[in-house]
Each structure stands twice: as structure tokens, then as C-alpha cells.
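A look at the structure
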Amino acid sequence: MKLKEWANRQGVSYRTALSWFHAGTLPVPARQLPTGTILIDPPAASLGRTVAYCRVSSSVQRADLERQAGRVAETCGVRGIMLAETVTEVGSGLNAHRAKLRKLLSDPTVTTIVVEHRDRLARFGVEHLEAALAASGRRIIVLDDSEVNDDLAADMVDVLTSMCARLYGRRSARRRAEAGVRAAAEDAAAG
């Protein structure tokens, strides 16, 4: 199909799609004919890969990570879900500093992501991830929809610590600056 038609189907302008093509960031294979027409190659017939994602909040919980991966693999086997890979990661569910998850979400060959609980993927905004993946024909499978609160207290302490450091750090800097100005003014008046 032509680039213009593809852009209309994706909900982006033709100029944006053309910019992506020239920058080499178009998310689908495309080629330019000698006439200048840009064609989008049809997607390869593939069922995609199903990948399990397992996460814990701290390195202290590494043993829990292995057990979580085992539970996910076992439950997938019982439900008839064939896993191509299991990705494990240690990192807070509250921030975006999880390289393995970012790579998994950006890999178009991964059509299904399996997690044990919703909060293993992210503490907040899982609905947005599901909607974004669904727009490209991908999905998230949550094996156990019940709430898990074991890491929530630790994550809340991290959030409060970060907020307090920002708030009190700014006040401290302002007080130090004001003290420096006063000291300079006193030196100028004394000298």
C-alpha cells in the first residue's frame, strides 16, 4: 500500500509518515520506487511471540523473582499459553528506569506479554499500556487479577522520600543562598 494510505490508517499525517521514512524511523518496512512512490511492505505472516515479564522491586527479592517466573511458566503451561521467552527484571514499578520492559514494549514481534499480576508490569497506568498495545494488535495477559500489596508500602516510601528530598532540598538551597547574600552584605558593610 502507498505511504499516504498507511498514514491515514494509522491516524498520522502524510508529512509525519514521510519524515519518519526519511529519518529511518518508520515502524514498518517500506521502500521507495524509482518513480518516487513510497510503498509499505505487507507485514510478514507471523503469529508473533508470547513473552512473560516478571519483576520485583529490589535486589533483596531476587529469590522471589525466580519463584515468580516459575509460577508464570507453570500457569501458562496449564492454560496452554506457549512462552517464547521469560524476561526478568529488578526495578521499581513506579519509575520508567526499566530497560528490559522498555525493550519488550518496543519490540513489534512480541504480540503478547504475560504477567502474574498487573502491578508487576507497572503500579499505575497499566490501562494505558493495554490500550497502546491493543492499537497495534498486541495484548497483555494478567494471570491473576487479584491485588497484591506486598511491595506497595516500599514503593510509597520511595515516592515520599523523593518528594521530600525535592521539597526540602529546594528550601535548603534557598536558605543557603540567602545566608550567602547576607554574609556578603555584612562583609561589604564591615569593610
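Attention now moves to the overall build of the chain. Scanning the chain for helices and strands turns up 7 helices and 6 strands. Element order for the chain, N to C, with α for helix and β for strand: α-α-β-β-β-α-β-α-β-α-α-β-α. A burial count over the chain gives 28% of its 191 residues as buried. Counting contacts in the chain only where the partners sit at least 6 residues apart, residues at least 24 apart contribute 62% of the total.

In this section: the state of the cysteines. Within this structure, the stated rule accounts for 0 disulfides. Cys 54 forms no disulfide, and the closest cysteine sulfur to it belongs to Cys 76, at a distance of 8.8 Å. Here Cys 76 falls in the buried class, since its relative accessible area comes to 1%.

Our focus in this paragraph is helix H3 (residues 62–79). Across its 18 residues, H3 extends 26 Å between first and last C-alpha, which sits within 8% of the 26 Å expected from 1.5 Å per residue. Turning to H3, its buried residues number three or more, namely Leu 65, Gln 68, Ala 69, Val 72 and Cys 76. In an axial view of H3, the angular spread of the buried residues amounts to 100°, which keeps them on one side of the axis. Away from its buried face by more than 90 degrees, H3 exposes Glu 66, Glu 74, Gly 77 and Val 78. Contact partners of the buried residues in H3: strand E3 (49–56), strand E4 (85–90), strand E5 (110–115) and helix H5 (118–121).

On to the pattern of salt bridges. Per the stated rule, a full pass over the model turns up 8 salt bridges. We note a salt bridge from Arg 31 to Asp 41, for which the minimum N-O separation is 2.9 Å. Highlighted residues: Arg 31 in strand E1 (residues 30–32) and Asp 41 in the loop between strand E2 (38–40) and E3, separated in sequence by 10 residues. For Asp 41, a relative accessible area of 22% puts it in the partly exposed group. As a salt-bridge pair, Asp 64 and Arg 67 come within 2.2 Å of each other at their nearest N and O atoms.

Taken N-terminus to C-terminus, the directions of helix H1 (residues 3–10) and helix H2 (residues 14–23) make an angle of 115°; their axes are 9 Å apart at the nearest point. Of the possible angle classes, the one that applies to H1 and H2 is roughly perpendicular. Every pair of crossing elements has a handedness; the one defined by H1 and H2 is right-handed. Residues Leu 3, Lys 4, Trp 6 and Ala 7 of H1 pack against Tyr 14, Ala 17, Leu 18 and Trp 20 of H2. Considered class by class, the residues forming the contact of H1 with H2 number 7 nonpolar, no polar and 1 charged.

Criteria and cut-off values
- Residues numbered from 1 in each chain as written.
- Predicted model: local features only at pLDDT ≥ 70, side-chain atom pairs only at ≥ 80, totals over all residues.
- Heavy atoms only, no water.
- Helix = DSSP H or I, 4+ residues; strand = E, 2+ residues; numbered from the N terminus.
- Buried < 20%, exposed > 50% of the residue type's maximum accessible area, 1.4 Å probe, protein only.
- Contact = heavy atoms within 4.5 Å.
- Disulfide = S-S within 2.5 Å.
- Expected span 1.5 Å × (residues − 1).
- Arc of directions from axis to C-beta.
- Salt bridge = Lys/Arg side-chain N within 4 Å of Asp/Glu carboxyl O.
- Axes fitted to C-alpha atoms, helices over the stretch in contact; angles between N-to-C directions.
- Parallel < 35°, antiparallel > 145°, perpendicular 65-115°, else oblique.
- Left-handed = near helix turned anticlockwise from the far one by under 90°.
- Nonpolar A, V, L, I, M, F, W, Y, C, P; charged D, E, K, R; others polar.

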